[in-house]
Amino acid sequence: MGPQLMRWCIFVDILGFRQLWEDEQAKALHALRELMQSIYRIGTRVYADEGERLFVHQMGDGFAIVSDFGEESCERPLGIAAALMRHLAATGVFAAAAVSEGDFSDITGCYPAEVMRDSEDGYVVRLNAGLMTLSSVMGTAFIRAYSLNGDAPSGPFLITSEGHRVRVPDGFEHRSARGKGKRNLLSLDWIRSENPTIARIQDTASLGAPKAEVTVQAIQRYCAEYPCVGRKWSRNLRTLLGVNLENE
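Residues numbered from 1 in each chain as written. Predicted model: local features only at pLDDT ≥ 70, side-chain atom pairs only at ≥ 80, totals over all residues. Heavy atoms only, no water.

Q: Break down the packing of aromatic side chains for me, with residues and values.
A: Enumeration according to the criterion identifies seven aromatic pairs in this entry. A ring pair is formed by F17 and W21, whose centres lie 5.9 Å apart and whose planes are at 35°; its orientation type is tilted. Pair noted here: F17 and W21 are both in helix α1 (residues 17-23), with a separation of four residues, about one helical turn. Classification of F17 by relative accessible area gives buried; the value is 14%. Ring geometry for Y222 versus W233: centroids 5.6 Å apart, planes at 15°, classification stacked. Of the two residues, Y222 sits in helix α7 (residues 212-225) while W233 sits in helix α8 (residues 227-241), which places them 11 residues apart along the sequence. Assigned by exposure class, Y222 and W233 land together as buried. Three or more aromatic residues link up through ring pairs in this structure, and these residues are F94, Y222, Y226 and W233. Above the plane of the ring of Y47 lies R76, whose end atom (NZ or CZ) is 4.6 Å from the centre. (Phe/Tyr/Trp six-rings, centres within 6.5 Å; stacked < 30°, edge-to-face > 60°. Helix = DSSP H or I, 4+ residues; strand = E, 2+ residues; numbered from the N terminus. Buried < 20%, exposed > 50% of the residue type's maximum accessible area, 1.4 Å probe, protein only. Lys NZ or Arg CZ within 6 Å of the ring centre and 35° of its normal.)

Q: Pulling in residues and values, what's your account of the sheet that holds strand β2 (residues 54-59)?
A: Reading across from one edge, β2-β3-β1-β4-β9-β11-β10 is the order of the seven strands in this open sheet, with mixed pairing throughout. In this open sheet, the two edge strands, each paired with only one partner strand, are β2 and β10 (174-178). With strand direction ignored, the average angle separating the axes of adjacent strands in the sheet is 25°. Relative to strand β4 (residues 95-102), helix α5 (residues 140-151) is tilted by about 140°, and along the sheet it contacts β1 (7-14), β2, β3 (62-70), β4, β9 (158-161) and β11 (184-188). Those strands touched by α8 are β10 and β11, and its axis lies near 140° from that of β10. (Pairing = 2+ DSSP bridges. Axes fitted to C-alpha atoms, helices over the stretch in contact; angles between N-to-C directions. Contact = heavy atoms within 4.5 Å.)

Q: Requested: an account of α5, with residues and values cited.
A: With 12 residues, α5 should reach 16 Å at 1.5 Å per residue; the first-to-last C-alpha distance of 16 Å fits that figure. Looking only at α5, the buried set comprises A141, F142, A145, L148, N149 and D151. (Expected span 1.5 Å × (residues − 1).)

Q: Describe the nonpolar core, with residues and values.
A: V12, I42, I80, L158 and W190 are the most contacted members of the largest nonpolar core, which has 65 residues in total. The leading source of residues in this core is helix α3 (residues 75-89), at nine residues. Once residues lying within four places of it in the same chain are set aside, the contact partners of W190 are A82, M85, R86, A89, F94, P156, F157, L158, T215, I219 and L241. Judged by nonpolar contacts, the second largest core, of nine residues, contains A64, F104, A141 and F142. (Core = buried A, V, L, I, M, F, W, Y, C linked by side-chain atoms within 4.5 Å.)

Q: Could you give me a rundown of the layout of surface pockets, with the residues and numbers involved?
A: By volume, the largest pocket amounts to about 620 Å³. If you go around the largest pocket, you meet 25 residues; those closest to its centre are L15, G16, F17, K232 and W233. Elements with a minimum of two residues in the lining of the largest pocket: β1, α1, α5 and α8. In terms of residue count, α1 provides more of the lining of the largest pocket than any other element does, five residues in total. Of the residues in the lining of the largest pocket, the class split is 14 nonpolar, six polar and five charged. (1 Å grid on protein atoms, 1.4 Å probe; cavity = no way out; pocket = protein on both sides within 12 Å on 5 of 7 lines; lining within 4 Å. Points joined across faces, edges and corners; volume = space filled by probe spheres on them. Nonpolar A, V, L, I, M, F, W, Y, C, P; charged D, E, K, R; others polar.)

Q: Tell me about the packing of α7 against α8, residues and numbers included.
A: Put simply, α7 and α8 touch, their axes get as near as 6 Å, and they point 135° apart. Taken together, the axes of α7 and α8 are oblique relative to one another. Residues I219, Y222, C223, A224 and E225 of α7 touch α8, and the partners they reach there are P227, V229, G230, W233 and L237. Among the residues making up the contact of α7 with α8, the classes are represented as eight nonpolar, one polar and one charged. (Parallel < 35°, antiparallel > 145°, perpendicular 65-115°, else oblique.)

Q: Account for the pattern of salt bridges, with residues named and values stated.
A: Scanning the model with the defined rule gives nine salt bridges in all. Among the ionic pairs, E101 bridges to R167, the shortest N-O distance being 2.7 Å. Pair noted here: E101 is in strand β4 and R167 is in the loop between β9 and β10, with a separation of 66 residues, a long-range link. Pair check on accessibility: E101 and R167 agree, each one buried. (Salt bridge = Lys/Arg side-chain N within 4 Å of Asp/Glu carboxyl O.)

Q: Talk me through the packing of helix α2 (residues 25-46) against helix α6 (residues 196-204); I want residue IDs and the actual numbers.
A: Between α2 and α6, whose axes approach to 9 Å, the crossing angle comes to 100°. Considering the angle they form, α2 stands roughly perpendicular to α6. Side by side, α2 and α6 meet where I42, R45 and V46 of the first sit next to R200, I201 and T204 of the second. Residue composition of the contact of α2 with α6, grouped by class: three nonpolar, one polar and two charged.

Written out as structure tokens, the structure is:
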């Protein structure tokens, strides 16, 4: 009997959200709306049934997307992440995503009874005239994906552990990468990868599906508009996504 498969988690967030919020709040909210809506469509149109259903939790400008069960292949999480990143890119905003595995469960039973007595739904607690909002779930699946996302090279990259290389399906182009903490990672080419799962998600969820050259041009325009970002991303874009900026 082989090792037990663990649930996977995608952590995806909007790059530069803090600066967008400070400088162009309407654009920041639009990006958040697009990411939320695209995840909703995937969860209701593509993977809505038991066994393949998704559990999604918002964390600020990011979302943790968790599977129902463990899976042999990384095809579904990588396909979902790539489709989401392409959709956002079509709007002129970019995301970073990381995929990992672990456990995930409801932890509200561990919360203080004094607190939970003032909660009607397990999520919102009354503080007299104020409110406390609780997160009801936690686990190593989220912790590892969030950690990978933070350790990833700066830029719009789809990252997973080097140890998952053998479980990356056909059609997903990938390159080895080094994390900020020197961890061995795998960077998936979400721009050019061609896989039936990505195509199905894009089509069924009615997501933006720009051609690779259009996405490359969008990244170049974004980096020209925000030169400090371009300087920070430049080397990683070239080595991990084959994207050269115009000033190089």
